[in-house]
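Coordinate inspection notes
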Amino acid sequence: MAQPQPVSLTDLDLTQLGEIKKQFEEELNHLTNSFAQLKQAQAKFKACIENVAEINLKNQGKTILVPLTNSLYVPGKLNDPEQVLVDVGTGYFVQKTRPQATKHYQNKVNYIQTNLETLEDTIQKKRDNMNAVVNVIQVKLQEQTRNTTKA
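The protein is annotated in an unreviewed UniProt entry as Prefoldin subunit-domain-containing protein of Lentinula detonsa. Per UniProt, the protein carries the Sequence similarities (unreviewed entry) text "Belongs to the prefoldin subunit alpha family."

Written as structure tokens, this is what we have:
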């Protein structure tokens with residue numbers, strides 16, 4: 001199978017450049033939405049770290065509100081403040097000590113941070129590529145305007 005040959009942007013016409021620009025805009029929109037979602041997930045894991053830190057021996061036996069869903073809480077008593085349930089995804093929970101839970105959530109935060117940095121680099125490269133396409137479009141439009149003015 002033949003390798004695809006690179007094509008210079010200046011060799012493309014305005015219609016093709018417009019399509020490429022539109023494709024870059026769609027990709028950038030998708031990537032920035034993904035970036036925002038990752039930031040939200042990271043914030044939730046950071047909040048989990050803070051919540052685990054708030055649990056201490058002084059709270060043992062006290063009544064607390066236990067979240068069943070995002071909007072439904074039920075009263076409960078904190079019997080063992082050294083053990084917590086950690087949501088590991090898709091409705092599964094694992095019992096861990098507070099330090100283990102903190103480490104689990106910190107690992108999640110770090111993993112997401114790595115992905116955010118990679119995604120940020122990708123977004124910047126896409127922006128640079130789109131700016132190059134926009135610059136070529138502007139040059140071609142200026143040339144087209146000059147040619148119609150001379151005619």
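Another aspect to go through is the overall build of the protein. A count of helical and extended segments in the protein gives two helices and four strands. When the helices and strands of the protein are read in sequence order from the N terminus, they spell out α-β-β-β-β-α. Relative to a compact globule of 151 residues, whose C-alpha radius of gyration would be 15 Å, the protein shows 26 Å and is clearly more extended. With respect to the principal axes defined by its C-alpha atoms, the protein has extents near 90 × 35 × 20 Å. Counting across all 151 residues of the protein, residues that qualify as buried make up 18%.

Below, the discussion takes up the pattern of salt bridges. Following the criterion strictly, the structure yields three salt bridges and no others. We note a salt bridge from K126 to E27, for which the minimum N-O separation is 2.7 Å. Taken together, the positions of K126 in helix α2 (residues 98-150) and E27 in helix α1 (residues 14-54) put the pair 99 residues apart, joining distant regions of the chain. According to the relative accessible area criterion, E27 is partly exposed, its value standing at 23%.

Before going further, it helps to examine the environment of G91. Inspection of the secondary structure puts G91 in the loop between β3 (83-89) and β4 (92-97). Residue G91 is classed as exposed on the basis of its relative accessible area, which comes to 58%. Separated by 34 residues in sequence, G91 and K125 have C-alpha atoms that sit 37 Å apart.

Once that is clear, we can look at α1. Relative to the 60 Å expected for 41 residues at 1.5 Å per residue, α1 spans 59 Å between its end C-alpha atoms, a close match to the ideal helical length. Residues of α1 that are buried in the fold lie against α2. Residue D13 occupies the N-cap position of α1, its side-chain oxygen lying 3.2 Å from the main-chain nitrogen of T15.

Now for a nonpolar patch on the surface. On the surface, I64, V66, L68 and L72 cluster together to form a nonpolar patch covering roughly 320 Å² of accessible area. With respect to the element layout, I64 can be found in strand β1 (residues 63-67).

Thresholds applied
Residues numbered from 1 in each chain as written. Predicted model: local features only at pLDDT ≥ 70, side-chain atom pairs only at ≥ 80, totals over all residues. Heavy atoms only, no water. UniProt positions renumbered as here; feature names shortened; annotations may be inferred. Helix = DSSP H or I, 4+ residues; strand = E, 2+ residues; numbered from the N terminus. Rg over C-alpha atoms; globule rule 2.2 N^0.38 Å. Buried < 20%, exposed > 50% of the residue type's maximum accessible area, 1.4 Å probe, protein only. Salt bridge = Lys/Arg side-chain N within 4 Å of Asp/Glu carboxyl O. Expected span 1.5 Å × (residues − 1). Contact = heavy atoms within 4.5 Å. Polar contact = N/O pair within 3.5 Å; in protein donor to acceptor, adjacent residues only side chain to side chain. Patch = residues over 30% accessible without salt bridge, like charges linked within 9 Å, V, L, I, M, F, W, Y side chains within 5 Å. Areas by Shrake-Rupley, 256 points an atom, 1.4 Å probe, with all protein chains shown as cover.

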